[in-house]
Amino acid sequence: MTKGPRSSLYTIPLDRAFADALVQGVSARHGGGALDLARGMILLPNARAITAVRDAFIRHGGQAMLLPRLVSLGDGDLDEAAGAALDHMVDSASSPPAIAPLQRQLLLAQMIVDAQAGVPIGEALRLATSVAKVIDQLLVEDVSLDQFCAFKPDSILAEHWNKGFALLQSLLRAWPAKLAEIGLIDLAEARNQQWKQTTAQWEKRGLPARFVVAAGISTSAPAIARLLRVIALAKGGSLVLPHTDIGMDKAEWDALGGDPRAQSGSGERANIAEAHPQYHLKLLLDRMGFHRDEVALWPGAAKPGAAKPGANAGRVHFARTMMTTAEYTDGWPELPPARRTLPGVTLYDLAAPDQEALTIALAMREVLETPGKTAALVTPDRAIAARVAGHMARWGIRADDSAGTPLSTMAAGEVVLALLRTAASSWSPVELIALLSHPLIHAGDDRREWLDHVRALDLILRGPRGAAGLAALGQLIAQKAKKDEALAAWWAELAVVLQPWEEARTGGAMALSALLLLLRATMEQLVGDALWTGADGRALAVFIGDLERDAPVLQNPLPLDDAAAMVRAMMRDVPVRPPYGGHPRLFIWGLIEARLGRADRMILAGLNEGQWPARPAIDPWLAPAVRRQMGLPGQDRQIGLSSHDFTCALGADEVIITRSKRDGGAPTVASRLRLRLDALLGEKAVEAASAGPYAQIAAALDGCAHPVPATRPVLRPSSDKRPHKLSVTEVDVLRVDPFAFYARAALGLRSLERLDAEPTAAWRGTAVHTVLEQWLKDAKWTVEALDRHLDALLSGPGISPIVGALWEPRLRTALHSFAAMVAAGVAEGRQPIIAASEKRGALAIGGITLSGKPDRIDRMGDGTLVIVDYKTGSNPQKPAVEAGFALQLGLLGALAEAGAFPGAKGQVSTFEYWRTNRKSNSDQFGWSDVPFYKPNKDAAWRMRPDSFAAEARVIIEQCIARFLVGDEGFVAKLEPKYALYGDYDQLMRLEEWYGRDGHDPDGAPSADKAAGRGS
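As a starting point, this report considers the structure included with it. Since this is a predicted model, take the numbers as computed values, not measurements. (Residues numbered from 1 in each chain as written. Predicted model: local features only at pLDDT ≥ 70, side-chain atom pairs only at ≥ 80, totals over all residues. Heavy atoms only, no water.)

To continue, consider the overall build of the protein chain. Tallying secondary structure elements over the protein chain gives 36 helices and 26 strands in all. For a compact globule of 1015 residues, the expected C-alpha radius of gyration is about 31 Å, and the protein chain comes in at 38 Å, more than 25% above that figure. Principal-axis analysis of the C-alpha atoms places the extent of the protein chain at approximately 120 × 70 × 60 Å. By the burial criterion, 52% of the 1015 residues in the protein chain qualify as buried. Contacts spanning at least 24 positions in sequence make up 78% of the contacts within the protein chain whose residues lie at least 6 apart. (Helix = DSSP H or I, 4+ residues; strand = E, 2+ residues; numbered from the N terminus. Rg over C-alpha atoms; globule rule 2.2 N^0.38 Å. Buried < 20%, exposed > 50% of the residue type's maximum accessible area, 1.4 Å probe, protein only. Contact = heavy atoms within 4.5 Å.)

Structure below.
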């Protein structure tokens, strides 16, 4: 190992902007003449680094210039994804082409299915992704597949690890032959060959340019380490590392450990701190054969007009101390105050992610008030990035998000996924309406007519899901929209388009190539050319084209469920970036993009454990012991890289660090990086650093210094605007909540059921009423006839088999009890009046038409009438009936006594609820109840069977005089004790006035009580 300083090995500390310092140094060393820079080459880790360096040249140039050749060597972390590297520098004609990532995933998935019978193809695709990562890790670490297949673990593994490892070895044993069969090699292997060829050529012939600078490359892959060593040793070559801590204590530096492959034989990797931010740099130096003492500071200013180099040098010392390993933290209490301060850094602990995002957006927006000032949000949390971008868009600012937007969340990707989900879900109402109402579907001139039909279909599908299948949907539409011929014709045309998917769903599975062909054909009919326009449309076209090209690799047929999940997972990995940049001074970066970038204000967001640093991905194949024995990177290596990104970002002139205390309703734990920061700063320093203004501004945006509560609404329309028709089911609402009554009866506002809703009492009631109405009309009243009607209902298109299976036993038992009760009544002289049952009757009272429809009216042997109401839920409580707030049965009795129903005029002597639920303290389903207390309990009661109809008529006459023909206002929640439904609470702004201004939530309003307007 060579000792002493080496002029070609450099580092740029974290207190200096890497790209600006690099450009300044390159210009000073190699930019004497107009063409001198153009004769050189700069190797950078990724395409984003090329953009950052190019922008830095523009900032520092001040005039037209010819730039050096900027080449992307690959992503900074090859363990995640390697970029294109040196493809054009070496002759690769003799080397087989590299396999495309998608083709490799499908090929590995097919091998997994062949090796493990019964593995679903969707699971095989997921496992194929992890197998591909193992292959890349092995090749990047220069471990051949033959070596891996011959490896035998020293330690005893658990059974599941042994099974997984054996399967992995069998797959990788067959993988080279599979690649040779199609004449391809792995992409990582192709890059290794290119790097090896380049290393040999440059070592033998010298560098290909007047100067070559390798900058910002921190991956420790052996092949790249050998190439970087050649550059550092060659004439005209320079190697510039990102923030290698040359001031770190030697003992602590040595304690980080060495190359894990050199220790793999022992099965232990002692003293290796992979989670330390300097570990990967030490490993790179070790593999290059250099010592840290040979690393010098790169000469270069941060940027024109900026502070002198080293102005933030205290950050370097602070970061070194903060990230020290545990065994060296015993000296923290003795540190002088100057070493425990962090000027220019502000901390924010926000309550929730929405507040965190708004605070960040305000901090970025404020930067634009200073000409030339820049700001960058750096976060691994895409949810925070999306929220901040949304807030910025509200102000007309589109920040440049380097990560782009996943294709799966953009319009073109969403409509494709919506079609796959809808077909796989057997035309679920939610999925179907989401598909048909998508903005891209029929986006042309007929869009309005199309949406009219979609809305009509939406209303039909409200409530519990009906039977599955396009045919059942067609029957349901014909049943519920008999007069809407346009809707029926529209659905018939649409069903023809969707019919191939119905056949694919019922067929079980289909080849991926056939599925993609069907997808294209359907999208062409529903969307047309608009699907392929825009940035997302072009990305979708490339994605579908690649998938079609490689689809024959997957030989097994694919179920629609697996196809939807597979395509969505693949689309999530396809970023869509607009063809032009965003705001020139505001940026949103991921960790990889931020490694060489630097803004005046760096905002580091999402400092919660599991976000930054992210939790290590679970490897289903390699146990930690196997990784140690083979010398592969441990799961904590990524933590070290994330920590290095954090410490480098701390060197900016102005730093804002944010986190949220809760996420999704659950408390969060501060990141280990933030905890170390707080521990080193101390309580008082943390409190001082948390005094930033942006959180207070964010809170003030939605705050109200002097809130003015809304008053209770009272509608007082003119007489011609008041309803002149009244149903018996609306009377109780009119009495307890006149505002809700007016909203429903006069304004026509209705609460819609949800799509795919759970069966409610109202749904069960409709089913029971339908069956009993048809059964009564038969006039046979046998159990067999009842079963026949119930079976017809449950097998109809409006009820799904699942819902029918769940409710059929209870309904059948209850209806059988009803049949027995009817038969018993008939035997005793009680006869249902078929002509009056389920028939609407009307009666004029005080200038208003009162109408109602009884479930059933029976005539007793003595000639009196019985009003029967079927209840699938709970019936009104007896105190409500006694107080006069449950008058439906009484009003039906009043209509019957007035002769409003055919063949059912007479005195009403009995009122009954026939209930389908289980009777308390019994296993009986289907029983009768009465609205009143037992007669012998209290002779002073107001409501009795013989007076119920008369009392109800008196009360309704008073209500009509007050609200419908009088001028009294429709007050919200007049009797809150009995106003049990809240469909209109939002409309009346209930929470803004309820319980205020003398209103008594437990009873009638005090003003009404004073006016004598109680019950």
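Now that the structure is up, let's keep going.
Running from N to C, helix α14 (residues 411-424) and helix α21 (residues 560-572) point in directions that differ by 160°, and their axes come no closer than 8 Å. The orientation of α14 relative to α21 falls into the category roughly antiparallel. In the crossing of α14 with α21, the sense of the turn from one axis to the other is left-handed. Only Leu-560, Asp-561, Ala-563, Ala-564, Val-567, Arg-568 and Met-571 of α21 make contact with α14, whose side of the interface consists of Gly-413, Val-416, Leu-417, Leu-420, Arg-421, Ala-423 and Ala-424. Of the residues belonging to the contact of α14 with α21, the class tally is ten nonpolar, one polar and three charged. (Axes fitted to C-alpha atoms, helices over the stretch in contact; angles between N-to-C directions. Parallel < 35°, antiparallel > 145°, perpendicular 65-115°, else oblique. Left-handed = near helix turned anticlockwise from the far one by under 90°. Nonpolar A, V, L, I, M, F, W, Y, C, P; charged D, E, K, R; others polar.)

Now for the environment of Arg-572. Checked against the element boundaries, Arg-572 lands in helix α21. Here the alpha-carbon distance between Arg-572 and Ser-408, two residues 164 residues apart in the chain, equals 5.4 Å. If we skip the residues at most four places from it in the chain, Arg-572 touches Pro-406 and Ser-408.

In this structure the tally under the stated criterion is 47 salt bridges. The residue Arg-126 makes a salt bridge to Glu-123 at a minimum N-O spacing of 2.4 Å. With Arg-126 and Glu-123 both in helix α4 (residues 121-140) and three residues apart, this pair spans about one turn of that helix. Residue class for Glu-123 comes out partly exposed when judged on its relative accessible area of 31%. Taking the shortest distance from any N to any O, the salt bridge between Arg-505 and Glu-502 comes out at 3.0 Å. Of this pair, Arg-505 and Glu-502 are both found in helix α18 (residues 485-507), three residues apart, which corresponds to roughly one turn of the helix. (Salt bridge = Lys/Arg side-chain N within 4 Å of Asp/Glu carboxyl O.)

The next point concerns the packing of helix α27 (residues 728-736) against helix α33 (residues 888-897). Across the interface, α27 lies against α33 with an axial gap of 8 Å and an inter-helix angle of 130°. One finds that α27 runs oblique with respect to α33. At the point where α27 passes α33, the crossing takes the right-handed sense. Contacts between α27 and α33 involve Val-728, Thr-729, Val-731 and Asp-732 from the former and Gln-888, Leu-891, Leu-892 and Leu-895 from the latter. For the contact of α27 with α33, the class distribution of residues is five nonpolar, two polar and one charged.

As a further point, take α27. Along α27, seven of the nine residues are buried, which leaves the element largely enclosed by surrounding structure. All of the buried residues in α27 are Val-728, Glu-730, Val-731, Asp-732, Leu-734, Arg-735 and Val-736. The secondary structure elements touched by the buried residues of α27 are β18 (725-727), α28 (738-745), β21 (848-852), α33, α34 (948-964) and β26 (970-971).

Bringing α14 into the picture now. For α14, spanning 14 residues, the distance from its first C-alpha to its last is 20 Å, which sits close to the expected 20 Å at 1.5 Å a residue. α14 sits mainly inside the fold: eleven of its 14 residues count as buried. When α14 is considered as a whole, its buried residues turn out to be Ala-412, Gly-413, Val-415, Val-416, Leu-417, Ala-418, Leu-419, Leu-420, Thr-422, Ala-423 and Ala-424. On its buried face, α14 is in contact with α15 (429-436), α18, α19 (512-526), α20 (534-550) and α21. Positioned one or two residues after α14, Ser-426 has a phi angle of 60°, which is positive. (Expected span 1.5 Å × (residues − 1).)

Looking now at the environment of Ile-833. With respect to the element layout, Ile-833 can be found in the loop between β19 (831-832) and β20 (841-845). Among the residues examined, Ile-833 registers a relative accessible area of 11% and is labelled buried. Remark: the alpha-carbon pair of Ile-833 and Arg-365, spanning 468 residues in sequence, is separated by 75 Å. Setting aside chain neighbours within four positions, we find Ile-833 in contact with Ile-857, Asp-858, Arg-859, Leu-865, Pro-902, Gly-903 and Ala-904.

Right, let's talk about the nonpolar core for a bit. Soluble, globular proteins show a tendency: their nonpolar side chains are buried together. Residues Trp-491, Trp-501 and Phe-543 are the most contacted members of the largest nonpolar core, which totals 108 residues. Looking at this core element by element, the count peaks at eleven residues for α4. Beyond its immediate chain neighbours, meaning those up to four positions away, Trp-491 contacts Leu-432, Leu-457, Leu-470, Leu-473, Gly-474 and Ile-477. Listed in part, the 42 residues of the second largest apolar core include Leu-843, Ile-857, Leu-892 and Ile-955. (Core = buried A, V, L, I, M, F, W, Y, C linked by side-chain atoms within 4.5 Å.)

A few words on the pairing of strand β4 (residues 211-215). Burial of β4 is extensive: five of the five residues sit out of reach of the surface. Judged by which residues are buried, β4 turns out to be covered on both faces: Phe-211, Val-213 and Ala-215 on one side and Val-212 and Ala-214 on the other are all buried. One ladder, built from four bridges, connects strand β2 (residues 40-44) with β4; its direction is parallel. Bridge pairing in β4 links Leu-43 to Ala-214. Where β4 meets strand β5 (residues 237-242), four bridges bridge the pair, whose relative direction is parallel. Directly across from Val-213, in β5, lies its bridge partner Ser-238. The parallel pair β4 and β5, bridged by helix α8 (residues 222-233), forms a crossover whose chirality is right-handed. (Pairing = 2+ DSSP bridges. Right-handed = clockwise from strand over helix to strand, strands pointing away.)

So, about the sheet that holds β20. Either a parallel or an antiparallel arrangement is found when strands of a sheet pair, and the pairing is made through backbone hydrogen bonds. Taken in spatial order, the three strands line up as β18-β21-β20 in an open sheet, and their pairing is mixed. Among the strands making up the open sheet, the edge pair consists of β18 and β20. Averaged over neighbouring strand pairs, the angle between their axes works out to 25° when direction is ignored. Bridge analysis of β20 against β21 gives five bridges, and the strand direction is antiparallel.

Summed over all chains, the structure comprises ten cavities of 30 Å³ or more. The volume enclosed by the largest cavity comes to roughly 160 Å³. Lining the largest cavity are 18 residues, with Ala-594, Arg-595, Arg-598, Cys-648 and Ala-649 sitting closest to its centre. Ranked by residues supplied to the lining of the largest cavity, first place goes to helix α23 (residues 637-649) with three residues. A breakdown of the residues in the lining of the largest cavity according to their chemical character gives twelve nonpolar, two polar and four charged. (1 Å grid on protein atoms, 1.4 Å probe; cavity = no way out; pocket = protein on both sides within 12 Å on 5 of 7 lines; lining within 4 Å. Points joined across faces, edges and corners; volume = space filled by probe spheres on them.)

Okay, the sheet that holds β2 next. Spatially, β3-β2-β4-β5-β1-β6 is the arrangement adopted by the six strands of the open sheet, whose pairing is parallel. A single partner strand is all that each edge strand has here, and the edge strands are β3 (69-72) and β6 (296-297). Lying over the sheet, helix α2 (residues 47-61) contacts β2 and β3, oriented at roughly 155° with respect to β3.

Once that is clear, we can look at the packing of aromatic side chains. As enumerated under the stated definition, the model contains 17 aromatic pairs in all. Aromatic pair Phe-148 and Phe-165: ring centres 5.4 Å apart, planes at 70°, arrangement edge-to-face. Of this pair, Phe-148 sits in helix α5 (residues 145-150) while Phe-165 sits in helix α6 (residues 159-182), and the two are 17 residues apart along the sequence. When its relative accessible area of 0% is taken as the criterion, Phe-148 is described as buried. The rings of Phe-741, Tyr-742, Phe-963 and Phe-970 are connected pair by pair, giving a single aromatic cluster. The ring of Trp-914 is capped by Arg-856, whose NZ or CZ atom sits 4.1 Å from the centre of that ring. (Phe/Tyr/Trp six-rings, centres within 6.5 Å; stacked < 30°, edge-to-face > 60°. Lys NZ or Arg CZ within 6 Å of the ring centre and 35° of its normal.)

Within strand β23 (residues 865-871), seven of the seven residues are buried, which leaves it mostly tucked inside the rest of the structure. Across the two faces of β23 the burial is the same, with Leu-865, Ile-867, Asp-869 and Lys-871 and Val-866, Val-868 and Tyr-870 all buried. Pairing between strand β22 (residues 856-859) and β23: four bridges, direction antiparallel. The partner of Ile-857 across the bridge, within β23, is Ile-867. Connecting β22 to the next strand, β23, in antiparallel fashion are five residues, including Gly-863 with a positive phi near 95°. Pairing analysis gives seven bridges linking β23 to strand β24 (residues 908-918), with the strands arranged parallel.

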